[in-house]
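Below are the chains, spelled out letter by letter.
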Amino acid sequence: MMAALPDAPLLIPVIDVMAGMVVHARGGNREQYQPLRSKLTNSVSPRTVASVLMHAAQATECYVADLDGIMGRVPVSAAVLAMLAEGIGPVWLDVGLSARKPISVLPTGLSIRPVIGFETCDSLEVLRTSLNAWTESPLAFSLDLRNGQLVGNVNGWRVAGKQDAVGVATQVIEAGVRTLIVLDLARVGETSGCGSEELIATLHCKFPEVALIAGGGIRNWADVVCLGHAGASAVLVATALHTNAIRLPQPVS
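Throughout, a residue's number is its position along its own chain's written sequence, starting from 1. With pLDDT at 70 or above as the cut-off, local features in this predicted model cover only qualifying residues; side-chain atom pairs require 80 or more to be listed or tallied, and sums for whole chains, interfaces and linings still use all residues. Values shown for side chains rest on all heavy atoms present in the structure; no hydrogens or waters enter the calculation.

**Q** I'm lost on the environment of Val177 in this one. Help?
**A** Secondary structure elements are defined from DSSP: runs of H or I of at least 4 residues count as helices, runs of E of at least 2 residues count as strands, and each element is numbered from the N terminus. When you line up the elements, Val177 lands in the loop between α5 (165–175) and β9 (179–184). Under the relative-accessibility criterion, Val177 is labelled buried at 1%. Val177 sits 53 residues away from Ala230 along the chain, and the two C-alpha atoms are 20 Å apart. Contacts between residues were defined by any pair of non-hydrogen atoms, one from each residue, lying within 4.5 Å. Among residues more than four places away in sequence, those in contact with Val177 are Leu127, Leu131, Leu139, Phe141, Val172 and Val210. Each residue's exposure class comes from its accessible area (1.4 Å probe, protein chains only) as a fraction of the maximum for that residue type: buried when under 20%, exposed when over 50%, partly exposed otherwise.

If you want it as structure tokens, here you go:
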């Protein structure tokens, strides 16, 4: 058993909400997602699942992907709005903000920490507008990847191509973002390992003042520790909690 690290990354539990229920996200193929099956709860209620995962991870915050919002079906889904209104602590929330869906669609006064994802963020100008309009809480930018390649409107950014995640990160940090999420959608729910350690290490070396959150494919504590060594201050987890592959307290030697 490995030794626990006092400065290991925080665990941030994730719930993916679609059609009013929590679903099991796998590989970014959203149309194929099925209702959640978990060893921790029989519920698919967003509020219940979030509470169970936060307790299991000893977390004070969580990450919510509003898939109906991200896919453009609604501005913010009713199920997510209801969960937020009940109050569960700070929520990193991705609803697919874009030029057509400004940050003003988000309700205020509900401990929301908006996530703007490269997948839906049309350009740097959209991000700048959001930063100017939202003053309630920290805002994160998500470097959305699929097998290490950027997913989104690459042509709307001054980057060398789909492989230039560092170029995007440089622009958003210069715009004022201080929290970056590195999320490989192809690895979500697949327990195949994160695969973004090298990118995270590069970003940490280049921007040591920026908080880095890693996500996608986390299998176990070894992956969490490895991402911490690379420079991640927090790790997004879902499947590894639902399967009990990650439990707290962290194992010690």
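Structure's up, so let's keep going.
**Q** Would you mind showing me how to read the packing of helix α4 (residues 124–133) against α5 here?
**A** Helix packing for two helices is described by the angle between their axes and how far apart those axes are. Fitted lines through C-alpha atoms serve as axes, helices being fitted only where they are in contact, and the angles separating the N-to-C directions of these axes extend from 0 to 180 degrees. Closest axis-to-axis distance for the α4/α5 pair is 10 Å, and the angle between their directions is 30°. Classified by the angle between their axes, α4 and α5 sit roughly parallel to one another. α4 and α5 meet at a crossing whose hand is right-handed. Contacts from Leu124, Leu127, Arg128 and Leu131 of α4 reach α5 at Gln171, Val172 and Ala175. Orientation is classified from the angle alone, with under 35 degrees giving roughly parallel, over 145 giving roughly antiparallel, 65 to 115 giving roughly perpendicular, and any other angle giving oblique. In a left-handed crossing the near helix is turned counterclockwise from the far helix by less than a right angle, and in a right-handed crossing that turn is clockwise.

**Q** Would you take a moment to explain the packing of aromatic side chains for this structure?
**A** For any two aromatic rings, the description comes down to two numbers: the centre-to-centre distance and the angle of the planes. By convention, a stacked pair of Phe, Tyr or Trp rings (six-membered ring in the case of Trp) has centres within 6.5 Å and planes under 30 degrees apart, an edge-to-face pair has planes over 60 apart, and any other such pair is tilted. Tallied over the entire structure, the rule returns two aromatic pairs. Residues Phe118 and Trp157 carry aromatic rings whose centres are separated by 5.5 Å and whose planes lie at 45° to one another, so their mutual orientation is tilted. A residue pair is termed long-range when its members are at least 10 positions apart, and Phe118 in the loop between β6 (112–117) and α4 and Trp157 in the loop between β8 (149–150) and α5 qualify at 39 residues. Put simply, the rings of Phe118, Phe141 and Trp157 pair up and form one aromatic cluster.

**Q** Just checking my understanding: could you explain the confidence of the model for the protein chain for this structure?
**A** Regions with low pLDDT should not have their predicted coordinates read in detail. Per-chain confidence: the protein chain averages 92 in pLDDT, with 96% of residues scoring 70 or above. Residue-level confidence of the predictor is summarised by pLDDT, bounded by 0 at the bottom and 100 at the top. At the level of individual helices and strands, the protein chain shows its lowest average pLDDT in strand β3 (residues 34–35), which scores 93, and its highest in strand β5 (residues 91–94), which scores 98. Across residues 1–6 the pLDDT falls below 50, and counting only partners more than four positions away or on other chains, this stretch makes 20 contacts in the model.

**Q** Help me understand the nonpolar core, please; the structure alone is not making it clear to me.
**A** Side chains that are nonpolar tend, in soluble globular proteins, to be buried together. Side-chain atoms within 4.5 Å link the members of a nonpolar core, which is a set of buried Ala, Val, Leu, Ile, Met, Phe, Trp, Tyr and Cys residues. Counting residues in each nonpolar core, the largest one holds 68 residues, and the members touching the most others are Phe141 and Leu180. Aside from chain neighbours lying at most four places away, what touches Leu180 is Phe141, Leu143, Ala169, Val172, Ile173, Leu203, Val210, Ala211, Leu212 and Ile213. Core analysis: the next-biggest nonpolar cluster, separate from the first, contains 20 residues, Val23, Ile70, Val115 and Ile181 among them.

**Q** Whenever I open this one, the pattern of salt bridges confuses me. Can you help?
**A** It is possible for side chains bearing opposite charge to pair when their charged atoms get close. Every case where a carboxyl oxygen of Asp or Glu lies within 4 Å of a side-chain nitrogen of Lys or Arg is listed as a salt bridge. Enumeration according to the criterion identifies seven salt bridges in this entry. The residue Arg30 makes a salt bridge to Glu119 at a minimum N-O spacing of 2.8 Å. Here the residue Arg30 occupies a position in the loop between β2 (21–24) and β3, and Glu119 occupies one in the loop between β6 and α4, the gap between them amounting to 89 residues. Of the charged contacts, one joins Arg73 and Asp68 as a salt bridge, the two residues approaching to 2.9 Å between their closest N and O atoms. Classification of Asp68 by relative accessible area gives buried; the value is 10%.

**Q** Whenever I open this one, helix α1 (residues 46–57) confuses me. Can you help?
**A** Quick reminder: α-helices carry 3.6 residues per turn. Residues three or four places apart thus point the same way. The terminal C-alpha atoms of α1, which comprises twelve residues, lie 16 Å apart, in line with the 16 Å expected from a rise of 1.5 Å per residue. Taken as a whole, α1 has its buried residues at Pro46, Val49, Ala50, Leu53, Met54 and Ala57. Looking straight down α1, one finds that the buried residues subtend no more than 130° of arc, so they occupy a single side. Looking at the packing, one finds that the buried side of α1 touches β1 (10–18), β2, β4 (62–66), α3 (78–86) and α8 (239–242). Helix span, expected: 1.5 Å multiplied by one less than the number of residues in the helix. This arc is taken over the directions from the axis of the helix to the C-beta atoms.

**Q** Can you walk me through the pairing of β4 in this structure?
**A** Of all the five residues making up β4, five are buried; the element is thus mostly covered by neighbouring parts of the structure. Every second residue of β4 is oriented toward a common face, with Cys62, Val64 and Asp66 on one face and Tyr63 and Ala65 on the other, all of them buried. A pair of strands is labelled paired if DSSP reports no fewer than 2 bridges between them. Relative to β4, β1 runs parallel, the two being bridged by four bridges. Looking at β4, one finds that Ile15 is bridged to Val64. Here β4 runs beside β5; their pairing, made up of four bridges, is parallel. Bridge assignment links Tyr63 to a residue of β5, and that residue is Trp92.

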